[in-house]
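Each chain, letter by letter, is given below.
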Amino acid sequence: YSFYNQNKLKKALFAYTTSAEKLNSPDRSYLMIPQVYNDLNQPREALVGYYVAREKIAKESRSYLNCLFNIGLHELLLRDFVKAEIALTELIEIEPNDQETLTKLIQAYYGQKKYEKVKPLKRRLYAAHARYKGKGTLETMFCFDQFEYDGKQVKAYEKFDKPTGQIYYKHVFYILDNKGDIDYSVHTENSPISIELGKAKYILGKTQGNVHSTYQVSFEADFNYEELKLSVQQIMDNKLTATASSSIAH
C-alpha cells in the first residue's frame, strides 16, 4: 500500500501479486492488482485481474460487486458488448436500481443493437432517477451509446428532463476532438410549435462554439435509432445543409 501511495506502481504490483498468492488473502489485494494495471495504462491486463478477483472474492461482499462493475466497464471500453452484458446483467440482478449499472448495461445493448431490451431498462432508470436523483452527470442525463466515426469519438447522452412548453435538447451527441474535449454537439430538439402544428416531436440541431444551427430532419418520439445515428454522421460529414443558423448569446 505504501508503494502505491508513493506511485511506485511496479513495486506495488509485485507486493499485491505476492499477497494474492497467499491463503486467505484480503479482497483488497485482488482488487488492487487490476487497479495498478489501470494506473499503468494496461486495460487488458486490468480486465484479466478483475476476472481473477471475481473468482477469488466471496459473492456476498461489496468487493464482488466492484469486480462485476469493472468487468462490465472494461469490456465496454474494449467493445466486447456480449461479455459486458453478462457481467452487468449479473450485477443488476443484485442491485436492480443502481443507475450507473443501468446506464452501462444500456450501452452494452446499444452496442449489440438490442434496442428492444433497452426500453424496460430506461423505464427503470427514469424511475430510479426520479426517486434518488443522481450524482455527477447522472443528475441531468445518462450516456446510452459511445462510438467512433471517421476517427472521432462520439458520446451520446439522453437528458432526463422534459420541460413543458419550451424548446429543449433531449438526445445530445458530443463529438470529441483528439484531446478528448467537446468539439461540437448534435442534438434532437423538442419544438412545442412543431408539435402544435401536428409535426414531428424532434428536429436536429447542432451547436459549435456560439453558433446554433438547425436542419430539416425530423424524428418522432419512437424514432429508429439507426436513422438518427446516420443523420448525426451525415452532419459530421457535412452532407446535410443547415436550414437556419444563429449566434448564441452568452
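Structure's up top.
Let me begin by describing the structure that accompanies this report.

What counts, and where the lines are drawn
- Residues numbered from 1 in each chain as written.
- Predicted model: local features only at pLDDT ≥ 70, side-chain atom pairs only at ≥ 80, totals over all residues.
- Heavy atoms only, no water.
- Core = buried A, V, L, I, M, F, W, Y, C linked by side-chain atoms within 4.5 Å.
- Buried < 20%, exposed > 50% of the residue type's maximum accessible area, 1.4 Å probe, protein only.
- Contact = heavy atoms within 4.5 Å.
- Helix = DSSP H or I, 4+ residues; strand = E, 2+ residues; numbered from the N terminus.
- Lys, Arg positive; Asp, Glu negative; His and termini not counted.
- Salt bridge = Lys/Arg side-chain N within 4 Å of Asp/Glu carboxyl O.
- Polar contact = N/O pair within 3.5 Å; in protein donor to acceptor, adjacent residues only side chain to side chain.
- Pairing = 2+ DSSP bridges.
- Axes fitted to C-alpha atoms, helices over the stretch in contact; angles between N-to-C directions.
- Phe/Tyr/Trp six-rings, centres within 6.5 Å; stacked < 30°, edge-to-face > 60°.
- Lys NZ or Arg CZ within 6 Å of the ring centre and 35° of its normal.

Formed by 35 residues in total, the largest nonpolar core has its most connected members in Ile106, Phe144, Phe173, Val186, Leu204 and Tyr225. The residues contacting phenylalanine 144, other than those within four sequence positions of it, are Ile106, Gln107, Tyr110, Ala156, Tyr157, Glu158, His171, Phe173 and Tyr225. Residues Ile33, Val36, Ala87 and Leu91 belong to the second largest nonpolar core, which totals 21 residues.

The next point concerns the side chain of aspartate 145. Topologically, aspartate 145 is positioned in strand S1 (residues 141-149). Buried and unpaired, aspartate 145 has no salt bridge, with lysine 229 as the nearest side chain of opposite charge at 4.1 Å. At 2.6 Å, the side chain of aspartate 145 and the side chain of tyrosine 225 are in polar contact. The residues contacting aspartate 145, other than those within four sequence positions of it, are Gln107, Tyr110, Val154, Lys155, Ala156, Tyr225 and Lys229.

Taken together, 7 strands build an open sheet; the order of strands is S1-S2-S3-S4-S5-S6-S7 and the sheet is antiparallel. Where the open sheet ends on each side, the last strands, each with one partner, are S1 and strand S7 (244-247). Looking at each pair of strands side by side, their axes are set apart by 25° on average, direction ignored. Sheet analysis places strand S5 (residues 202-208) next to strand S6 (residues 211-219), joined by 7 bridges and oriented antiparallel. Across the sheet, the residue bridging to lysine 206 is serine 213, located in S6.

Once that is clear, we can look at the pattern of salt bridges. Inspection of the entire model under this criterion finds 7 salt bridges. The residue lysine 114 makes a salt bridge to glutamate 85 at a minimum N-O spacing of 3.2 Å. On the criterion of sequence distance, the pair formed by lysine 114 in the loop between helix H7 (99-111) and helix H8 (115-132) and glutamate 85 in helix H6 (residues 81-94) is long-range, its members being 29 residues apart. For glutamate 85, a relative accessible area of 12% gives the class buried. As a salt-bridge pair, lysine 119 and glutamate 116 come within 3.4 Å of each other at their nearest N and O atoms.

By the criterion of burial, strand S4 (residues 182-190) is predominantly enclosed, with 7 of the 9 residues buried. As defined by bridge partners, strand S3 (residues 168-176) adjoins S4 across 7 bridges and the pair is classed as antiparallel. Bridge pairing in S4 places valine 172 opposite histidine 187. Here S3 hands over to S4 after 5 residues, with glycine 180 in that stretch at a positive phi of 85°. Alignment of S4 against S5, held across 6 bridges, turns out to be antiparallel. Bridge pairing in S5 links threonine 188 to leucine 204.

So, on to the packing of aromatic side chains. The relative placement of two aromatic rings is captured by the distance of their centres and the angle of their planes. Under the defined criterion, the tally for this structure stands at 12 aromatic pairs. Taken together, a centroid distance of 6.5 Å and an interplanar angle of 15° make the contact between phenylalanine 173 and tyrosine 225 stacked. Remark: tyrosine 225 occurs in helix H10 (residues 225-236) and phenylalanine 173 occurs in strand S3; sequence separation between them is 52 residues. The pair phenylalanine 173 / tyrosine 225 is uniform in exposure class, with both members buried. An aromatic cluster is built from Tyr110, Tyr115, Phe144, Phe173 and Tyr225, whose rings are joined through pairwise contacts. Here the guanidinium or amino end of lysine 122 rests over the ring plane of phenylalanine 144, the centre of that ring lying 5.2 Å away. Positioned over the ring face of tyrosine 184 is lysine 206, at 4.6 Å from the centre of the ring.

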